[in-house]
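One-letter residues, chain by chain:
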Amino acid sequence: MLEPALLPTPLVDCADEAFARAGVELRLKRDDLLHPTVPGNKWRKLAPNLAAAVEQGHTRLLTFGGAYSTHLRAVAAAAGALGLESVGLVRGEELADRPRNWSLRAAEAAGMRLEFLTRAEYREATGRSAGAFPEGALLRRWGPCLVLPEGGSNALAAVGAAAIPAELPGLGERDVVCCPVGTGGTLAGIAAGLPAGARALGVAVLRGGEGYLEAEVARLHLAAYGREFGNWRIDHGHHGGGYGRVPAELAGFAERFERSHGVPLERRYVAKLLAALADLAAAGAFPRGTRLTAVVTGLPDPE
């Protein structure tokens, strides 16, 4: 059985001098505490998809990820707890014969079968090379299963993430709810769940996503709600050099933040989000009196 989630997750004020100087309040939505094996936005996005899988009688889940994918680990843990098989298509054929890193070991330990693809095969499997998700081809090759997209971002995932603003009382015109953006599902859900006047800000963690990520969020809105939303934007200036990159300046910021506030920061997503908010606040990007709520979407790596 899958352990219950901690809902609603804690919302804590974060008194930080850098934000105070800019006249901006900062709060942390501690979704990193949501679940021990399916933490943060992974639970938000997976829960409705898992419910659909069980309701539709699926016995196997298939999804995608890189060598350190939190999504792969979360799917493996959730599927194993529910008695479902899971298959993970991993980007990087060269990884097949190498010793497993801690992340892939954890996925396999939870029961996931890993299949390693070349970069070209991975782009084809995820639909990036053709511009369309090839679900039929995946089912023919891998057998009957529920296919979850890379990062778990689909219409159901967006609906799941829309519960985040509902756990933030008193949102209004001075509020900006912020999250890191990898595949767009969490930002899409937050924007859809906001009351009138409040806005959403996503911080892209990958380089070169201008336009592509905006199109993904808009696509998810249409798929989940049948319309687009105009209350969100994505910042593309704080990716730290690309997905998975943690430059020394970012690492230093994360260490200082941890010492000051006692909150452990996941580096590839959460630290980039908070560093971006600090930079934007210092640059006067937010009117004085703005209240920022940063969604802490996941846990730090164990090693």
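Before any of the text, the structure's been laid out above.
Please read these numbers as outputs of a predicted model, since none were measured by experiment. (Residues numbered from 1 in each chain as written. Predicted model: local features only at pLDDT ≥ 70, side-chain atom pairs only at ≥ 80, totals over all residues. Heavy atoms only, no water.)

Undergrad: Residue-level account of helix H12 (residues 267-282), with values.
TA: Compared with the 22 Å implied by 1.5 Å per residue over 16 residues, the 21 Å span of H12 between its first and last C-alpha is a close match. In terms of burial, H12 is largely enclosed, as twelve of its 16 residues are buried. All of the buried residues along H12 are Arg268, Val270, Ala271, Lys272, Leu273, Leu274, Ala275, Ala276, Leu277, Ala278, Leu280 and Ala281. Two or three places before Arg268, at the start of H12, stands the capping residue Glu266, its side-chain oxygen 2.8 Å from that residue's backbone nitrogen. Phi for Gly284, located one or two positions after H12, is positive at around 80°. (Helix = DSSP H or I, 4+ residues; strand = E, 2+ residues; numbered from the N terminus. Expected span 1.5 Å × (residues − 1). Buried < 20%, exposed > 50% of the residue type's maximum accessible area, 1.4 Å probe, protein only. Polar contact = N/O pair within 3.5 Å; in protein donor to acceptor, adjacent residues only side chain to side chain.)

Undergrad: Tell me what's going on with the sheet that holds strand S8 (residues 199-204), and back it up with residues and numbers.
TA: One open sheet holds the six strands; their spatial order is S1-S2-S10-S7-S8-S9, and the pairing between them is mixed. Whereas interior strands pair on both sides, the edge strands pair on one side only; in this sheet they are strand S1 (11-13) and strand S9 (232-235). Between one strand axis and the next, the sheet turns through 25° on average, direction left out of account. Where strand S7 (residues 175-181) meets strand S10 (residues 291-295), four bridges bridge the pair, whose relative direction is parallel. Of the residues in S10, the one forming a bridge with Cys178 is Ala294. Where helix H10 (residues 212-225) meets the sheet, it contacts S7, S8 and S9, and its direction lies at approximately 150° from that of S9. (Pairing = 2+ DSSP bridges. Axes fitted to C-alpha atoms, helices over the stretch in contact; angles between N-to-C directions. Contact = heavy atoms within 4.5 Å.)

Undergrad: Give a detailed account of the pairing of strand S4 (residues 85-91), specifying residues and quantitative values.
TA: Counting buried residues along S4, five of its seven residues qualify, which places the element largely inside the surrounding structure. The pairing of strand S3 (residues 60-65) with S4 spans six bridges and is classified as parallel. By the bridge assignment for S4, Arg60 is matched with Glu85. In this region the chain leaves S3, passes through helix H3 (residues 70-81) and returns to the parallel neighbour S4; the handedness of that crossover is right-handed. Strand direction decides the pairing type here: S4 and strand S5 (residues 112-117), joined by six bridges, are parallel. Note that in S5 the partner of Val90 across the bridge is Phe116. Each parallel crossover has a hand, and for S4 linked through helix H4 (residues 102-109) to S5 it is right-handed. (Right-handed = clockwise from strand over helix to strand, strands pointing away.)

Undergrad: How would you summarise the side chain of Arg73 if you had to cite specific residues and measurements?
TA: The topology assignment puts Arg73 in helix H3. Although Arg73 is buried, it forms no salt bridge, and the closest oppositely charged side chain is Asp301 at an N-O distance of 4.8 Å. (Lys, Arg positive; Asp, Glu negative; His and termini not counted. Salt bridge = Lys/Arg side-chain N within 4 Å of Asp/Glu carboxyl O.)

Undergrad: Tell me about the packing of aromatic side chains, residues and numbers included.
TA: For the coordinates displayed, the defined rule picks out five aromatic pairs. On the basis of an interplanar angle of 75° and a centroid distance of 5.9 Å, the ring pair of Tyr243 and Tyr269 is categorised as edge-to-face. With a gap of 26 residues between them, Tyr243 in the loop between S9 and helix H11 (248-261) and Tyr269 in helix H12 connect regions that are remote in the sequence. A residue is classified by how much of its surface remains accessible, and Tyr243, at 41% relative accessible area, is partly exposed. For Tyr269, a relative accessible area of 21% puts it in the partly exposed group. Seen from their ring centres, Phe253 and Phe257 are 6.0 Å apart, and the 35° between their planes marks the pair as tilted. With Phe253 and Phe257 both in helix H11 and four residues apart, the pair spans about one turn of that helix. Here Phe253 and Phe257 have matching classes, each one buried. A cation sits over an aromatic face here: Arg91 above Tyr122, 5.2 Å from the ring centre. (Phe/Tyr/Trp six-rings, centres within 6.5 Å; stacked < 30°, edge-to-face > 60°. Lys NZ or Arg CZ within 6 Å of the ring centre and 35° of its normal.)

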